[in-house]
Every structure is written in C-alpha cells, then in structure tokens.
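Each chain, letter by letter, is given below.
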Amino acid sequence: MTMARRVEGMGEGARRRGRRGVLFAAGHASLRVLAKTWVLWLAVLAGMGAHAGLSRMDSFRVRQVAVRNNQRALAEDVLRLSGVSAKDNLFAVDEDRVARRVEEDPWVSRAAVYRRLPGTLVIEVSEYEPVPAANFSDHTGALFLLDEEGLPFKEASADEAKGLPVLSGLSYAEVKGRSERAKEGLSGALALVRLSRGGGRPALAGLSEIEVLGEEGGLTAIAQVAPPGSPAPVAV
C-alpha cells in the first residue's frame, strides 16, 4: 500500500512537472511573438524616421515634374493642378493628394504619381475618350463630350466636337440620373458610333447625328452619304 502511494505520488509529481514544462514552452512562444512584434514596430518607426529625415534634405528637392501620356490635357494645366513647386521636397509630396488634384482636369480620368530619384516627380494620366458630342435639351446652345459609357465629362468647344456625331433628344438630367430612357438611348447610340467607326455598316460611315425619340429611347440616325453634304436619314 505504501509503495502504491509512492508510485501514485511520483506520477502526480511528474504530471505537475509536465504541466510546468508545457507552461514554460508556452511562455517562450509568447515571448517570441512579443519579440517579433517589437522588431516589426521598431522597423516601422525606423522607416518613419528615415522618411522624415529624407523629407527635410535639400538633396531631394523637386527639380522636375514629368507629365506623361497626356494627349488632350495640357501639361501646364496638370502642373498647376498638382500644386507641386520647386520648393517642395520629393519625399514630402503626398502622391495620392496630387493625383486627386490632377483628376480635376476635365480630360483626366485617372492619374498616377510616383517619384524618380533624385529629384523628379512623375505624373502619368489616363484621359477620357470622347465618343459622341451631345446637345442636351436642358442646356441649349452648349455641346458636351460623352465618354465610352455615355457619361458627359466636359463641355465641348467647336474644335473639340469637330468630327464627332451629335446626340440629341436627351436632357443632361436624364443622362446624369441614368433614367431608363437615357440608358436605352445611349446604349443604341454608342453601338451606332462603334459600327460607324468599325466599318460594320457602310451606310453609317459618315454618321453625323443621332436623335433619341419617344419614351422608350428609339433612335434616328443621319449619316453623310455621297455626294458629300447631302445628309440622308438611316433607318435603325
């Protein structure tokens, strides 16, 4: 009986030592996780400190702003909207903020900004592609440029609208509000423009006008056919 109690006592002691071992191992694992977390935070803080230091160095002043991929947006307009000057430090420039400013240009659909050491800030722009021009019923006397989705992005000058088919029969409010009539009319009008450009229908090669009719957005198209200067309606 005494021997059995000794064996049983030894078993309980071993179990206690085993539990202490497990707790000891768990404690080591927690310490390792904590150490890694501190190392990560120190790296972040070091990076922030380095960035702060670089943003105060005269060696990284902006010496040039390069505007790329602009066909219609003027480089001087992009530069003005960016708000960047030669007084700025390259690392102190907020790229996202500059991009948002540049996207205020009516021709610019998207802008990307990045640094090129030692002193160049690069602004790459993507531009809207005008498909038709539009003569809206609630903006008499003005033409607007519509993008590939049929959304107006800019009031057009005569030169900017030159060569584009002119859409009529819709209001600006209808188009911006994406009414069902506007969606139907724009869908058909954009399809006609694509056909006229792709040569899918020779009769539409000189497409000059598209009118949206009725409540359901039916269309009438006018194309220039030979002889030049003699418009003829095309049934669609």
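None of these values were measured; they are calculated from a predicted model.

Scoring rules and cut-offs
Residues numbered from 1 in each chain as written. Predicted model: local features only at pLDDT ≥ 70, side-chain atom pairs only at ≥ 80, totals over all residues. Heavy atoms only, no water. Pairing = 2+ DSSP bridges. Helix = DSSP H or I, 4+ residues; strand = E, 2+ residues; numbered from the N terminus. Axes fitted to C-alpha atoms, helices over the stretch in contact; angles between N-to-C directions. Contact = heavy atoms within 4.5 Å. Salt bridge = Lys/Arg side-chain N within 4 Å of Asp/Glu carboxyl O. Buried < 20%, exposed > 50% of the residue type's maximum accessible area, 1.4 Å probe, protein only. Polar contact = N/O pair within 3.5 Å; in protein donor to acceptor, adjacent residues only side chain to side chain. Arc of directions from axis to C-beta. Phe/Tyr/Trp six-rings, centres within 6.5 Å; stacked < 30°, edge-to-face > 60°. pLDDT = per-residue confidence, 0-100.

Details of the sheet that holds strand β3 (residues 120–127)
Taken together, the three strands give an open sheet; going across it, the order is β1-β3-β2, and neighbouring strands pair in mixed fashion. Each edge of the open sheet is held by one strand with a lone partner, namely β1 (64–68) and β2 (108–116). With direction set aside, neighbouring strand axes in the sheet form an average angle of 20°. Alignment of β2 against β3, held across eight bridges, turns out to be antiparallel. Looking at β3, one finds that Y114 is bridged to V122. Along the sheet, helix α3 (residues 95–102) makes contact with β2 and β3, crossing β2 at roughly 150°.

With respect to the pattern of salt bridges
Inspection of every chain in the model, using the stated rule, returns seven salt bridges. Where E160 meets K154, a salt bridge forms, and the shortest distance between an N and an O atom there is 2.9 Å. For E160, a relative accessible area of 24% gives the class partly exposed.

Here we look at the side chain of S196
Relative to the helices and strands, S196 is located in helix α6 (residues 180–198). Within the structure, the side chain of S196 is placed 2.7 Å from the backbone oxygen of V193, a separation counted as a polar contact.

Describing α3
Within α3, the full set of buried residues consists of V98, A99 and V102. All buried residues of α3 fall inside an arc of 100° around its axis, so they share one side. Opposite the buried face of α3, by more than 90 degrees, sit the exposed residues D96 and R100. Where α3 is buried, its residues contact α2 (75–82), β2 and β3.

Topic: the packing of aromatic side chains
Applying the stated criterion across every chain, the model contains five aromatic pairs. Ring centres 4.7 Å apart and planes at 15° place the aromatic pair Y128 and F153 in the stacked group. One end of the pair, Y128, is in the loop between β3 and β4 (133–135); the other, F153, is in strand β6 (residues 152–156), and 25 residues separate them in sequence. The interplanar angle of 50° and the centroid separation of 5.4 Å between the aromatic rings of F144 and Y172 together place this pair among those described as tilted. Remark: Y172 occurs in helix α5 (residues 172–177) and F144 occurs in strand β5 (residues 143–146); sequence separation between them is 28 residues. Judged by relative accessible area, which is 9%, F144 ranks as buried. The partly exposed category is assigned to Y172, whose relative accessible area is 24%. Among the aromatic residues, ring-to-ring pairing joins W107, Y128 and F153 into one connected group.

With respect to the confidence of the model for the protein chain
Chain-level pLDDT for the protein chain is 79 on average; 67% of the residues reach the 70-or-more range. Mean pLDDT across the elements of the protein chain ranges from a minimum in helix α1 (residues 2–54), with 48, to a maximum in α3, with 98. Confidence over residues 1–10 falls short of pLDDT 50; this stretch has zero contacts with residues more than four positions distant or in other chains. Under a pLDDT of 50 for its full length, residues 41–47 has, in the predicted model, zero contacts with residues more than four places off or in other chains.

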